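Chain by chain, the residues run as shown.
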Amino acid sequence: METIKTDISAETEEMMNTAAETGAETTETSEAESVKTAAAEAAPVSETPAESMKDMEQELEASYKMMGDGEHDTDTLLAWSKIMELYETKANLTVEISGIVNKGVIAEVEGIRGFIPASRLSLRHVDDLNEWLGKEIQVRIITADQSADKLVLSAREILKEERDQTKQMKISSVEVGSVFDGKVDSIQDYGVFVDLGDGVSGLVHVSQIALERVKHPADVLKVGQEVRVKVIGKQNGKLKLSIKALLEQKKQDEEVRVKIPKAESIGTSMGDLLKNFKF
């Protein structure tokens, strides 16, 4: 009987030891899991890949709204960059008039819509804008404002430069002393401008209008009046003309001209000599 009790006691003690070990392991496991759970709760929650992509798309969209979305806006920025370069260098551009608006026409530069006022299409007054539709002309950019989307073009400056160059070439070929017939184009306090034709004109100073003193050119001449003038000089690419010089020359010619009376016919026949004698 004592042997059986001893065996039972030994078995019971082993079972109790096993249970104690198991309990210890369970306690350690629970503590470890508790530590992991606490660490997980304390650590910041990281974004999932899906959430990160969504935020990135939102940022990109915001950037597009700020910088412009699409290929067209990129082209527009490049076009304005080119336009500013053309504006700063005062380059001459060939454009086609594609539309008519109030007081002007439309033409594109680098794909940007530009406005040409009617007053800047020509050196002369433009009556009918429809005649310009579809024409190609040379222009220069006179206003370029990207922020206001404002592009203004002009042909007038180019036409004026071409006219002045042609005029200077013609003036350079005129010799001092030449005489021209012209018309009074305008009257100023200091003299009159005379149109000599072919785009050339010159100034007759008030002191060169007449032999006598003239108070004001309008007292002697009127616009449209035909006059004969003499080129007496050139200054700063302009012709200096004189009416007085021709009048003085005419007066001198009259003073030196000798009037010779016509010789009377003298009869020399014998009959004429003896006809009054009586024999």
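Residues numbered from 1 in each chain as written. Predicted model: local features only at pLDDT ≥ 70, side-chain atom pairs only at ≥ 80, totals over all residues. Heavy atoms only, no water.

### Concerning the side chain of arginine 140
Among the secondary structure elements, arginine 140 is positioned in strand E4 (residues 136-145). Here asparagine 92 takes part through its side chain, which lies 2.8 Å from a polar atom of the side chain of arginine 140. Excluding its chain neighbours within four sequence positions, the residues that come into contact with arginine 140 are Lys90, Ala91, Asn92, Val152, Leu153, Ser154, Glu157, Ile158 and Glu161. (Helix = DSSP H or I, 4+ residues; strand = E, 2+ residues; numbered from the N terminus. Polar contact = N/O pair within 3.5 Å; in protein donor to acceptor, adjacent residues only side chain to side chain. Contact = heavy atoms within 4.5 Å.)

### Examining the pairing of strand E8 (residues 200-205)
Across a regular strand the side chains alternate sides, sitting on one face of the sheet and then on the other. A one-sided burial pattern is seen for E8, the buried positions being Val200, Gly202 and Val204 and the unburied ones Ser201, Leu203 and His205. In the sheet, strand E7 (residues 191-197) pairs with E8 via 6 bridges, with the strands oriented antiparallel. Within E8, the residue paired with valine 192 across the bridge is valine 204. (Buried < 20%, exposed > 50% of the residue type's maximum accessible area, 1.4 Å probe, protein only. Pairing = 2+ DSSP bridges.)

### Quick word on unusual backbone geometry
Its identity is not glycine, yet glutamate 110 carries a phi of approximately 55°, on the positive side. Structurally, the position occupied by glutamate 110 is in the loop between strand E2 (104-109) and strand E3 (112-117). A relative accessible area of 47% places glutamate 110 in the partly exposed class.

### Some points on the confidence of the model for the protein chain
Across the protein chain, pLDDT averages 79, with 66% of residues at or above 70. Of the regions scoring below 50 in pLDDT, residues 1-10 engages in 0 contacts with residues more than four places distant in sequence or in other chains. (pLDDT = per-residue confidence, 0-100.)

### Thoughts on the packing of aromatic side chains
Centre distance and the angle of the planes are the two values used to describe a pair of aromatic rings. Counted by the stated rule, this structure contains 1 aromatic pair. Ring centres of tyrosine 190 and phenylalanine 193 lie 6.4 Å apart, and the angle between their planes is 90°; on these two criteria the pair is classed as edge-to-face. What makes tyrosine 190 partly exposed here is its relative accessible area of 41%. By relative accessible area, phenylalanine 193 is classed as partly exposed at 27%. Its guanidinium or amino end placed over the ring of tryptophan 132, lysine 135 lies 5.0 Å from that ring's centre, counting from NZ or CZ. (Phe/Tyr/Trp six-rings, centres within 6.5 Å; stacked < 30°, edge-to-face > 60°. Lys NZ or Arg CZ within 6 Å of the ring centre and 35° of its normal.)

### Details of the environment of lysine 135
Relative to the helices and strands, lysine 135 resides in the loop between E3 and E4. Separated by 39 residues in sequence, lysine 135 and glutamate 96 place their C-alpha atoms 5.6 Å apart. Excluding its chain neighbours within four sequence positions, the residues that come into contact with lysine 135 are Val95, Glu96 and Ile97.

### Quick look at the nonpolar core
Judged by nonpolar contacts, the single largest core of 24 residues is most densely connected at Leu121, Ile137 and Leu151. For this core, the secondary structure elements donating two or more residues are helix H3 (71-88), strand E1 (93-101), E2, E3, E4 and strand E5 (150-154). Those residues in contact with isoleucine 137 that sit more than four places away from it in its chain are Leu93, Thr94, Val95, Ile97, Ile116, Leu121, Trp132 and Ala155. Within the second largest apolar cluster, 19 residues are counted, among which are Val204, Val206, Val227 and Leu241. (Core = buried A, V, L, I, M, F, W, Y, C linked by side-chain atoms within 4.5 Å.)

### With respect to the sheet that holds E7
The sheet built from 5 strands closes into a barrel, its strands ordered E6-E7-E8-E10-E9 with mixed pairing. Between one strand and the next, the sheet's axes are offset by a mean angle of 50°, whatever the strand orientation. Of the strands in this sheet, E8, strand E9 (226-235) and strand E10 (238-242) are in contact with helix H4 (residues 156-172), which crosses E8 at around 65°. This element, helix H5 (residues 244-256), spans strand E6 (179-188), E9 and E10 of the sheet and lies at about 110° to E9. (Axes fitted to C-alpha atoms, helices over the stretch in contact; angles between N-to-C directions.)

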